[in-house]
Amino acid sequence: MMNFKEFWTKKTLIGLGLGQVLSLLITATGFASNDLAKRGINAPTSQSFLNYVLLAIVYGGIMLHRKKPLKAKWYYYLPLGLVDVEANFIVVKAYQYTSLTSVMLLDCWSIPSVMVLTWIFLKTKYRFKKVFGVIVCVAGLVIVVFSDVHAGDRAGGSNPLKGDMLVIAGSTLYAVSNVSEEFLVKNADRVELMAMLGFIGAIISAIQISILERSELRSIHWTAGAAFPFVGFSLAMFLFYSLVPILLKTNGSTMLNLSLLTSDMWSVLIRIFADKEKVDWMYYVAFAAVTVGLVIYSGGDKEEDQQRADVADEDAERGKRFDEEAGLGSRNRVIVAGSSKTGESSKHDVAGTSVAEREDLENKNLEKDEQGKKS
């Protein structure tokens, strides 16, 4: 059993700190979107545009400095960019209809969505414990929807049910984006992924803004109060996109899931203390259900990772033995080829050391038979 000192290692402390930074960044994006919605500003694509531009400039510059070709085909990033832009658009749009707390809780729908997509496309197998955790999580999401319908005007939106459905749809698209990113990261490169996602996302966002949000942008009275949430949202999103791979590399998905779970806590605190709004009691029940579900879902990853590591060690050991046997076989083939007649070397090449062993046994058996006949 791990003791206290073994748990509070430098790696764990860094992971906890970075995880809370990511959690606060997600909360900051939600708070910025909620603030813009209260000001009557409805330009969700424009909010994400600067984030994609920053990704394209920063990570694209790194790629140009590397001067290396793309590891994945450029057109693989087209559907990813489209899905990611529309996911951000739909979720930000939901703030026009429902509350900040509902968006933060319902965003957890991406977890069961990822689970289903990885099971179908990446052939990932899940144990019953993880499935049960997802069921508990979904139960909490159902409570959120019911709470918004029940609370009515206290939910903090003009049409809570419509907003909740938008968040669930956006979270499903986030799941598609995450699974696609997982596939591309394994087959390409993190910097390449961020650069291409930023480049294509910026182009798609610009096209969508020119079609859907030109009149909205013209009608905005650009004061410091209106510009600050726009810029803050983009910077928070850029930092979030950049830091998530670091946490995944150092501490794994369990730390990420549990860290992002606290964003719901931060959103509730913001709503209670900053906005002076009353939170319906069913939100606390939903939060508890989502918390329990995510803990059940995330728990046990360390044991599974250790099992995978053990399997990898066994594979490495088998590979090492195979190399040793291959080397021994090649030496025997050289010896046999040097002492054999022409045409017999191919037989020794196939059999290796086993041929020599069989010959020794046959010679011993012949000697025994001759001795038996003499006696």
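None of these values were measured; they are calculated from a predicted model. (Residues numbered from 1 in each chain as written. Predicted model: local features only at pLDDT ≥ 70, side-chain atom pairs only at ≥ 80, totals over all residues. Heavy atoms only, no water.)

A closer look at the overall build of the protein
No. 1: When helices and strands are counted, the protein shows 16 helices and 0 strands.
No. 2: Looking at the protein as a whole, 41% of its 375 residues are labelled buried.
No. 3: By sequence separation, contacts in the protein at least 24 residues apart represent 86% of the contacts at least 6 residues apart.
No. 4: Summing over all exposed atoms, the protein offers an accessible surface of approximately 21,200 Å²; the carbon and sulfur share of this is 65%. (Helix = DSSP H or I, 4+ residues; strand = E, 2+ residues; numbered from the N terminus. Buried < 20%, exposed > 50% of the residue type's maximum accessible area, 1.4 Å probe, protein only. Contact = heavy atoms within 4.5 Å. Areas by Shrake-Rupley, 256 points an atom, 1.4 Å probe, with all protein chains shown as cover.)

A look at the side chain of Asp-189
No. 1: By the element assignment, Asp-189 lies in the loop between α8 (160-187) and α9 (190-212).
No. 2: Classification of Asp-189 by relative accessible area gives buried; the value is 17%.
No. 3: Polar side-chain contacts of Asp-189 include one of 2.9 Å to the side chain of Arg-66.
No. 4: With near-sequence residues (within four places) excluded, Asp-189 lies in contact with Arg-66, Lys-71 and Leu-184. (Polar contact = N/O pair within 3.5 Å; in protein donor to acceptor, adjacent residues only side chain to side chain.)

A short note on helix α4 (residues 77-94)
No. 1: Over its 18 residues, α4 extends 26 Å from the first C-alpha to the last, a length consistent with the 26 Å expected when each residue adds 1.5 Å.
No. 2: With 14 of 18 residues buried, α4 is to be regarded as a mostly interior element. (Expected span 1.5 Å × (residues − 1).)

Comments concerning the confidence of the model for the protein
Any segment with low pLDDT has predicted coordinates that should not be analysed in fine detail.
No. 1: This prediction gives the protein a mean pLDDT of 74; 68% of its residues lie at or above 70.
No. 2: The model gives residues 302-326 a pLDDT under 50, and that stretch makes 4 contacts with residues more than four places away or in other chains.
No. 3: Below pLDDT 50 for its whole length, residues 328-356 participates in 12 contacts with residues either more than four positions away or in separate chains. (pLDDT = per-residue confidence, 0-100.)

Comments concerning the packing of aromatic side chains
No. 1: Applying the stated criterion across every chain, the model contains 5 aromatic pairs.
No. 2: Between Tyr-59 and Phe-238 the ring centres are 6.4 Å apart and the planes differ by 50°, which places this aromatic pair in the tilted class. With Tyr-59 in helix α3 (residues 44-66) and Phe-238 in helix α11 (residues 224-250), this pair connects stretches of sequence that are 179 residues apart. Judged on exposure class, the residue Tyr-59 and its partner Phe-238 are both buried.
No. 3: Judged by centre distance (6.3 Å) and plane angle (25°), the rings of Phe-128 and Phe-132 are stacked. With Phe-128 and Phe-132 both in helix α7 (residues 128-151) and 4 residues apart, this pair spans about one turn of that helix.
No. 4: Aromatic ring contacts, followed pair by pair, group Trp-74, Tyr-75 and Tyr-76 into a single cluster. (Phe/Tyr/Trp six-rings, centres within 6.5 Å; stacked < 30°, edge-to-face > 60°.)

Remarks on the UniProt feature "transmembrane region" (unreviewed entry) in the protein
No. 1: UniProt records the feature "transmembrane region" (unreviewed entry) for residues 48-64, 76-97, 103-122, 131-151, 193-212, 224-248 and 281-300 in the present numbering.
No. 2: End C-alpha to end C-alpha, residues 76-97 measures 34 Å, and it is 82% helix and 0% strand.
No. 3: Overall, residues 193-212 shows 100% helix and 0% strand. The separation of its end C-alpha atoms is 27 Å. (UniProt positions renumbered as here; feature names shortened; annotations may be inferred.)

Some remarks on the environment of Leu-105
No. 1: Its place among the elements puts Leu-105 in helix α5 (residues 100-106).
No. 2: In the structure, Leu-105 is positioned 59 residues away from Asp-164 in sequence and 9.8 Å away in space, judged by C-alpha atoms.

Observations concerning the environment of Glu-181
No. 1: With respect to the helices and strands, Glu-181 occurs in helix α8.
No. 2: The exposure class assigned to Glu-181 is buried, which follows from its relative accessible area of 17%.
No. 3: The sequence separation of Glu-181 and Tyr-77 amounts to 104 residues, and the corresponding C-alpha distance is 9.2 Å.
No. 4: The contacts of Glu-181, once residues within four sequence positions are left out, are Leu-80, Asp-84, Leu-193 and Leu-197.

Section: the pattern of salt bridges
No. 1: Scanning all chains against the criterion turns up 2 salt bridges.
No. 2: Residue Asp-35 is joined to Arg-39 by a salt bridge in which the shortest nitrogen-to-oxygen separation is 3.2 Å.
No. 3: On the accessibility criterion, Asp-35 (24% relative accessible area) is partly exposed.
No. 4: Owing to a relative accessible area of 45%, Arg-39 belongs among the partly exposed residues under this scheme.
No. 5: Measuring nitrogen to oxygen at the nearest pair gives 2.9 Å for the salt bridge that ties Arg-66 to Asp-189. With a gap of 123 residues between them, Arg-66 in helix α3 and Asp-189 in the loop between α8 and α9 connect regions that are remote in the sequence. (Salt bridge = Lys/Arg side-chain N within 4 Å of Asp/Glu carboxyl O.)

Some words on the nonpolar core
No. 1: In terms of nonpolar packing, the biggest core is built from 52 residues, with Leu-55, Tyr-59, Tyr-77, Met-194, Phe-240 and Tyr-241 touching the most fellow members.
No. 2: Counting residues per element, this core draws most heavily on α9, which supplies 9 residues.
No. 3: If you look at the next biggest cluster of nonpolar residues, it comprises 6 residues, including Ile-41, Ile-220, Ala-226 and Phe-230. (Core = buried A, V, L, I, M, F, W, Y, C linked by side-chain atoms within 4.5 Å.)

A look at a nonpolar patch on the surface
No. 1: On the surface, Leu-70, Trp-74, Tyr-75, Tyr-76 and Leu-78 cluster together into a nonpolar patch covering about 510 Å² of accessible area.
No. 2: You can call Trp-74 exposed: its relative accessible area is 51%. (Patch = residues over 30% accessible without salt bridge, like charges linked within 9 Å, V, L, I, M, F, W, Y side chains within 5 Å.)

Some details on unusual backbone geometry
No. 1: Despite not being glycine, Lys-67 shows a phi value in the positive range, around 60°.
No. 2: Position of Lys-67 among the secondary structure elements: in the loop between α3 and α4.
No. 3: Lys-67 sits in the exposed class, given a relative accessible area of 74%.

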